Amino acid sequence: MNKKVEVLPDISALVARSLELILSQLSTAIEQRGQFTIALAGGSTPKPLYEAIANQKLPWDKIHIFWGDERYVPPDHPDSNELMARRAWLDRIDIPAANIHSVPTLEGEPAVSAAKYEQHLREFFNSDPNEFPPLDVILLGMGDDAHTASLFPHTEALKVQDRLITVGNKDGNPRITFTYPFINAARSVIFVVAGANKRPALAQVFAPEADDFTYPSRLIQPQGELSWLLDTAAGSELPA
């Protein structure tokens, strides 16, 4: 695994470096495979990154957008990760509607929605049932409890190793999420983490030994590149 950790001085530098990495992966993917696939993260940290991507002149018809997790709410709900990404980025560019691969959240049954999204992904990648197809980039954040996507500490979603998509659980509220083996199949995983409140969790995630089910971000060990981009507030206490 090719793991890199970078501590940037502030949010603007974090966004600039994230953008640089994504554009590099995008260029390589389109040159080698004719398209670029990226799974987005929710939360507040990536919003300025999405706004920056929207300002780029890119071959939008060759870019496919997915989500690594989604709250189980309608796509126009204020808590929707999709709504945030649309307002910051996708509604501001000329991208084919078919290239935006929304997480289904209107079925009324989270397990049905998870199975539907998995089927869609397998059809898109033309993958066998026992394969984990690689996205080019998966963007991830991390909570102060070390969760990532909707893989929360000591939840059933952490045990799922034979599917791409499962149902996460946050305080009794269901979410649709990538499984950690699917994340680990990616060509590039980019964590973007900001804030001093993340320091205790990061210390455990980077510790030589700790419990993966208590600190789920430890489970992210992709076959491709792994980049941890941290602002100074989050990363200043990590060992050099």
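All of the points below concern the structure found in this document. (Residues numbered from 1 in each chain as written. Predicted model: local features only at pLDDT ≥ 70, side-chain atom pairs only at ≥ 80, totals over all residues. Heavy atoms only, no water.)

Most of strand β3 (residues 63–67) sits out of view: five of its five residues are buried. With burial as the criterion, each face of β3 is covered, one bearing Ile 63, Ile 65 and Trp 67 and the other bearing His 64 and Phe 66. Sheet topology places strand β2 (residues 36–40) next to β3; five bridges connect them, and they run parallel. In the sheet register, Thr 37 faces β3, and the bridge partner there is His 64. In terms of handedness, the path from β2 via helix α2 (residues 47–54) over to β3 forms a crossover that is right-handed. (Buried < 20%, exposed > 50% of the residue type's maximum accessible area, 1.4 Å probe, protein only. Helix = DSSP H or I, 4+ residues; strand = E, 2+ residues; numbered from the N terminus. Pairing = 2+ DSSP bridges. Right-handed = clockwise from strand over helix to strand, strands pointing away.)

Our next topic: the side chain of Thr 37. Position of Thr 37 among the secondary structure elements: in strand β2. Sequence-distant contacts of Thr 37, that is, excluding residues within four places in its chain, are made with His 64, Phe 66, Phe 124, Phe 125, Pro 134, Leu 135, Asp 136 and Val 137. (Contact = heavy atoms within 4.5 Å.)

Applying the stated criterion to the full structure yields 13 salt bridges. Of the charged contacts in the structure, one is a salt bridge between Glu 107 and Lys 116, with a shortest N-O distance of 2.9 Å. The salt bridge partner of Arg 187 is Asp 136, with a shortest N-O separation of 2.9 Å. Residue Arg 187 is found in the loop between α5 (180–184) and β8 (188–193), and its partner Asp 136 is found in the loop between α4 (110–125) and β5 (137–140); the two are separated by 51 residues along the sequence. Residues joined in a network through salt bridges with shared partners are Glu 6, Arg 17 and Glu 20. (Salt bridge = Lys/Arg side-chain N within 4 Å of Asp/Glu carboxyl O.)

Let's shift gears to the sheet that holds strand β6 (residues 165–170). Read from one edge of the open sheet, three strands run β4-β7-β6, paired in antiparallel fashion. A strand with exactly one partner marks an edge of an open sheet, and here the two such strands are β4 (69–71) and β6. Averaged over all pairs of adjacent strands, the angle between their axes in this sheet comes to 30 degrees, without regard to strand direction. In terms of strand pairing, β6 meets strand β7 (residues 173–178) through six bridges, oriented antiparallel. Across the sheet, Asn 169 pairs through a bridge with Pro 174, a residue of β7. Sheet contacts for α4: β6 and β7; angle to β6, the most-contacted strand, approximately 140 degrees. (Axes fitted to C-alpha atoms, helices over the stretch in contact; angles between N-to-C directions.)

Such coordinate-based values are descriptive only and should not be taken to indicate function.
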